[in-house]
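# Coordinate inspection notes
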2 protein chains.
Amino acid sequence: MVPTNHTVKSFDDDMKFLAHKIAEMGGLAERMVENSISALVKSDIQLAQKVIADDLILDEAEALLDEKVVLIIAQRQPMAADLREVFSTIRIATDLERIGDLAKNIAKRVVAISERSNSVNLVRGIEHLGDLALAQLKEVLDAFGSRSVTRINMVRDRDDEIDAMYTSLFRELLTYMMEDPRNITTCTHLLFCAKNVERIGDHATNIAESVYYIVTGERLSTFRPKEDKTHRIVVDEPNA
Amino acid sequence: MVPTNHTVKSFDDDMKFLAHKIAEMGGLAERMVENSISALVKSDIQLAQKVIADDLILDEAEALLDEKVVLIIAQRQPMAADLREVFSTIRIATDLERIGDLAKNIAKRVVAISERSNSVNLVRGIEHLGDLALAQLKEVLDAFGSRSVTRINMVRDRDDEIDAMYTSLFRELLTYMMEDPRNITTCTHLLFCAKNVERIGDHATNIAESVYYIVTGERLSTFRPKEDKTHRIVVDEPNA
């Protein structure tokens, strides 16, 4: 793309700078999700603490990006179309920051869960769910980096898969609790971990929407993350 | 305040328009929270469905506000200080939209919970938690409407209270589950409802920060919502 004048060139440079910052934030958010699940699976409290510390860095990066955006808009006074692109970029940063928060929340539960010896098999489902959410996150960050939306529909399919797996995991965890009250504390924390992973998937879907908009200039209005369906779950109780 | 020139006057009018829209969104979010808790307490499925329907209206309002903000910035090209105020307004709209999502999620659980006859006493804790979160939400919306931050520290105190009550409710619900596996399904849904109310309180705290910034031009950087402390909870099991 050949810039038509100095102002356009400068705005373009600003947008590249923002894209670079988003890529950095995305890489960090990805590692945080990966490490939080890994800490959960291995009961690795040190790794969990790293995730908690990393969240401060991610929060700081988002605050700096917000400040930079204000300066860019004030200096360049972009037109409405460019403004919408800037706004989409802020939106991606917000989603990444939330993903970091969710990873941190998983990490914080590692301590409570690691005190239980019976949780090894129970965390496998979360691990699998986490793999799907991570693959989705990588996909949308790649799409953002390459400005290519050809594979973005895969994100939607994977979000369906995540929702289905989350629903079945939710049911399984409830059943475990009913079978043996000794599982209740662990399973409750795992339920919240699973919910966090499911929400990470939703934020990845939000990012897919923003990337689609940045690349094509069009809204994917039907491309909303599906609802968590576990609110309907009622599991038959052994003594009911 | 006497406007110094036409541009300032117009920007002022735009900000008043945004404030009016935020007040409308705030009123709707407040009603949604109120109704979702009320639907939960009374097992009122019709009221729960109204909350679910209202969420579409709130989402639409946020999307329109975002669009309006893009046009305001493009037309008025405000300076950095004014831009920060506009950004704070968008942030409030995002928090209100999230509060609506959380109320909707509570409403969706009403069906699963209402199928249980033994849940009447269990929802009382959520009702009380909801009262606190609602009082907090009203306080920050009043602060935004009156541009007065004199009572904004109360929001912080109340957030401490909400966190303490949520932590004790979480523990109580775990204990109920352990006492009788027939409570597990209901208590799990109530745990998520409680978590949603606690997050509504966090969003109210976010709004308090934004209002403080709009009114004073200064950041309340130490004014972050406190963390959910339930991730550490381990409840002694009857058979452990």
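Residues numbered from 1 in each chain as written. Chains lettered and ligands numbered in written order. Predicted model: local features only at pLDDT ≥ 70, side-chain atom pairs only at ≥ 80, totals over all residues. Heavy atoms only, no water.

As named in an unreviewed UniProt entry, chain A is Phosphate-specific transport system accessory protein PhoU, taken from Oricola thermophila. Looking at the Sequence similarities (unreviewed entry) heading of the UniProt record, one finds this comment for chain A: "Belongs to the PhoU family." If you open the UniProt record of chain A and go to Subcellular location (unreviewed entry), you find "Cytoplasm". (UniProt positions renumbered as here; feature names shortened; annotations may be inferred.)

### As for the packing of helix H3 (residues 80–114) of chain A against helix H6 (residues 184–216) of chain A
Residue and element names in this part refer to chain A. In contact at an axis separation of 9 Å, H3 and H6 are set at 165° when each is read in the N-to-C sense. What the angle tells us is that H3 and H6 run roughly antiparallel. The interaxial crossing formed by H3 with H6 has left-handed handedness. A per-class count over the contact of H3 with H6 returns 18 nonpolar, nine polar and seven charged. (Axes fitted to C-alpha atoms, helices over the stretch in contact; angles between N-to-C directions. Helix = DSSP H or I, 4+ residues; strand = E, 2+ residues; numbered from the N terminus. Parallel < 35°, antiparallel > 145°, perpendicular 65-115°, else oblique. Left-handed = near helix turned anticlockwise from the far one by under 90°. Nonpolar A, V, L, I, M, F, W, Y, C, P; charged D, E, K, R; others polar.)

### Overview of the environment of Glu172(B)
Residue and element names in this part refer to chain B. With respect to the helices and strands, the residue Glu 172 is situated in helix H5 (residues 152–179). Residue classification places Glu 172 among the partly exposed positions, given a relative accessible area of 40%. For the pair formed by Glu 172 and Leu 122, sequence separation is 50 residues and the distance between their alpha carbons is 9.1 Å. (Buried < 20%, exposed > 50% of the residue type's maximum accessible area, 1.4 Å probe, protein only.)

### A few points about the pattern of salt bridges
Residues and elements named next belong to chain A. Taken as a whole, this structure holds 24 salt bridges over all chains when the rule is applied. We note a salt bridge from Asp 54 to Lys 50, for which the minimum N-O separation is 3.2 Å. On the criterion of helical spacing, the pair formed by Asp 54 and Lys 50 is a turn pair, its members being four residues apart in helix H2 (residues 45–76). By relative accessible area, which is 41% here, Lys 50 ends up partly exposed. Among the salt bridges present, the one from Arg 124 reaches Glu 127, with a minimum N-O distance of 2.9 Å. Residue Arg 124 and its partner Glu 127 are located together in helix H4 (residues 122–146), separated by three residues, close to a single helical turn. What makes Arg 124 partly exposed here is its relative accessible area of 42%. (Salt bridge = Lys/Arg side-chain N within 4 Å of Asp/Glu carboxyl O.)

### A look at the relation of the copies chain B and chain A
When chain B is fitted onto chain A, the two copies agree to an RMSD of 0.0 Å after a turn of 180° and an axial shift of 0.0 Å. On the angle and the small slide along the axis, the relation comes out as a two-fold axis. Closest approach to the rotation axis within chain B is made by the C-alpha atom of Gln77(B), at a distance of 2.9 Å. Comparing interface residues between copies, 100% of those in chain B also lie at the interface in chain A; the contact surface is shared. (Least-squares fit on C-alpha atoms with pLDDT ≥ 70 in both. Contact = heavy atoms within 4.5 Å.)

### With respect to the packing of aromatic side chains
On inspection of all chains with the given rule, the structure shows six aromatic pairs over all chains. Between the aromatic rings of Tyr166(A) and Phe170(A), the centroid separation amounts to 6.0 Å while the plane-to-plane angle is 75°, which identifies the pairing as edge-to-face. Note that Tyr166(A) and Phe170(A) are positioned in helix H5 (residues 152–179) at a spacing of four residues, about one turn of the helix. Aromatic rings pair up to connect Tyr166(A), Phe170(A), Phe192(A), Tyr166(B), Phe170(B) and Phe192(B) into one cluster. A cation sits over an aromatic face here: Lys68(B) above Phe17(B), 5.0 Å from the ring centre. (Phe/Tyr/Trp six-rings, centres within 6.5 Å; stacked < 30°, edge-to-face > 60°. Lys NZ or Arg CZ within 6 Å of the ring centre and 35° of its normal.)

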